[in-house]
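# An overview of the molecular structure
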Amino acid sequence: IGVGNTLATGIVMATLVAAVILMATTLLNIGVGQSMAAQQAWLTQQQRLGGQIRIASTSGAQGGGASTLTVNVVNDGSIAYRKTNQIDVIVRYTNVTGNLEVKRLTYSSTGPGNNEWNITAIAPDVFNPGMWDPSEQATFSIKVVLPIKNNTNATVVVVAPGGALDSANVAM
């Protein structure tokens, strides 16, 4: 009788462990599925709105107590951006003193001053001169102080009106 009770208890325990593992796996899969669903919904919304941008290339230089970044961004969507001053530019980097900096930079219409950005060129700027039209590339000039530490990467995030965004690393 003792062996039968021990066997029954073992079967019940194994069944409970299997049920807990199954429930945990199911919850994990639901969470991942919801996360993927949310990401897909965001992408679908961006496609519906027509906004899509892509950072094509980056470069960086040091000098004068500041770091200057050049970021070439292609408008791959179907929206023309008339008010480029409404674009957000965020830079995350380690400065020369070793501290982490995260800065949302200010737009400048005349050229980037300290912790500012501007668009220095749009090419080919044929259809609507001065606007950033689909298939055109905008060259962003970005200046940050305290300078970016040498031999590190800065991350640049560009966010267009409507939420289209891209990010890329800039080697220094």
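Please refer to the structure placed before this passage.
Below or above, wherever it landed, is the structure these notes cover. (Residues numbered from 1 in each chain as written. Predicted model: local features only at pLDDT ≥ 70, side-chain atom pairs only at ≥ 80, totals over all residues. Heavy atoms only, no water.)

## Things to note about the pairing of strand E6 (residues 116-123)
Across two bridges, strand E5 (residues 106-107) lies against E6 in parallel orientation. By the bridge assignment, Tyr 107 is partnered in E6 with Trp 117. As paired strands, E6 and strand E7 (residues 137-144) are joined by seven bridges and run antiparallel to one another. Pairing of Ile 119 across the sheet is with Phe 140, part of E7. (Pairing = 2+ DSSP bridges. Helix = DSSP H or I, 4+ residues; strand = E, 2+ residues; numbered from the N terminus.)

## Digging into the side chain of Lys 103
Within the secondary structure, Lys 103 is located in strand E4 (residues 100-104). Looking at Lys 103, its side chain comes within polar contact range of the side chain of Asn 115, at 3.1 Å. Sequence-distant contacts of Lys 103, that is, excluding residues within four places in its chain, are made with Val 89, Ile 90, Val 91, Tyr 93, Asn 115, Val 145 and Leu 146. (Polar contact = N/O pair within 3.5 Å; in protein donor to acceptor, adjacent residues only side chain to side chain. Contact = heavy atoms within 4.5 Å.)

## Some points on the sheet that holds strand E8 (residues 153-159)
Taken in spatial order, the four strands of this open sheet run E4-E3-E8-E9, and their pairing is antiparallel. Only two strands of the sheet have a single partner each, and these edge strands are E4 and strand E9 (165-171). Each strand of the sheet is rotated relative to its neighbour by a mean of 15°, with strand direction disregarded. Here five bridges tie strand E3 (residues 88-94) to E8, and the two strands are oriented antiparallel to one another. Within E8, the residue paired with Arg 92 across the bridge is Thr 155. (Axes fitted to C-alpha atoms, helices over the stretch in contact; angles between N-to-C directions.)

## Brief notes about unusual backbone geometry
Put simply, Ala 123 and Pro 124 share a cis peptide bond, and its omega is -15°. Phi at Asn 115 takes a positive value of approximately 55°, unusual for a residue other than glycine. Tracing the sequence through the fold places Asn 115 in the loop between E5 and E6. The class of Asn 115 is partly exposed, set by a relative accessible area of 23%. Positive phi is not limited to glycine here, since Ser 135 has a value of about 75°. (Buried < 20%, exposed > 50% of the residue type's maximum accessible area, 1.4 Å probe, protein only.)

## What to know about the packing of aromatic side chains
Under the counting rule described, the total for this entry stands at four aromatic pairs. Taking 6.0 Å as the distance between ring centres and 70° as the angle between the ring planes, the aromatic pair formed by Trp 132 and Phe 140 counts as edge-to-face. The exposure class assigned to Phe 140 is buried, which follows from its relative accessible area of 0%. An aromatic cluster of three or more residues is present, and its members are Tyr 81, Tyr 107, Trp 117, Trp 132 and Phe 140. (Phe/Tyr/Trp six-rings, centres within 6.5 Å; stacked < 30°, edge-to-face > 60°.)

## Looking at the pairing of strand E1 (residues 53-63)
Consecutive side chains of a regular strand alternate in pointing toward one face of the sheet and then the other. One ladder, built from 10 bridges, connects E1 with strand E2 (residues 66-75); its direction is antiparallel. When the sheet's bridge partners are listed, Ser 59 is paired in E2 with Thr 70. As consecutive antiparallel partners, E1 and E2 are separated by two residues, and within that stretch Gly 64 has a phi angle of approximately 65°, a positive value.

## A few points about the nonpolar core
Val 89, Val 91, Trp 132, Phe 140, Ile 142 and Val 156 are the most contacted members of the largest nonpolar core, which has 28 residues in total. It is E7 that provides the largest number of residues to this core, a total of four residues. Here Val 91 is in contact with Leu 69, Glu 101, Val 102, Lys 103, Leu 105, Ile 142, Val 144, Ala 154, Thr 155 and Val 156, once residues within four sequence places are set aside. (Core = buried A, V, L, I, M, F, W, Y, C linked by side-chain atoms within 4.5 Å.)

## So, the side chain of Thr 84
Looking at where Thr 84 falls in the secondary structure, it is placed in the loop between E2 and E3. For Thr 84, a relative accessible area of 12% puts it in the buried group.

## With respect to the sheet that holds E6
The five strands are arranged E1-E2-E7-E6-E5 in an open sheet whose pairing can be described as mixed. At either margin of the open sheet sits one strand with a lone partner, and together these are E1 and E5. Sheet topology places E2 next to E7; eight bridges connect them, and they run antiparallel. The residue bridging Ser 67 from the neighbouring strand is Val 144, located in E7.

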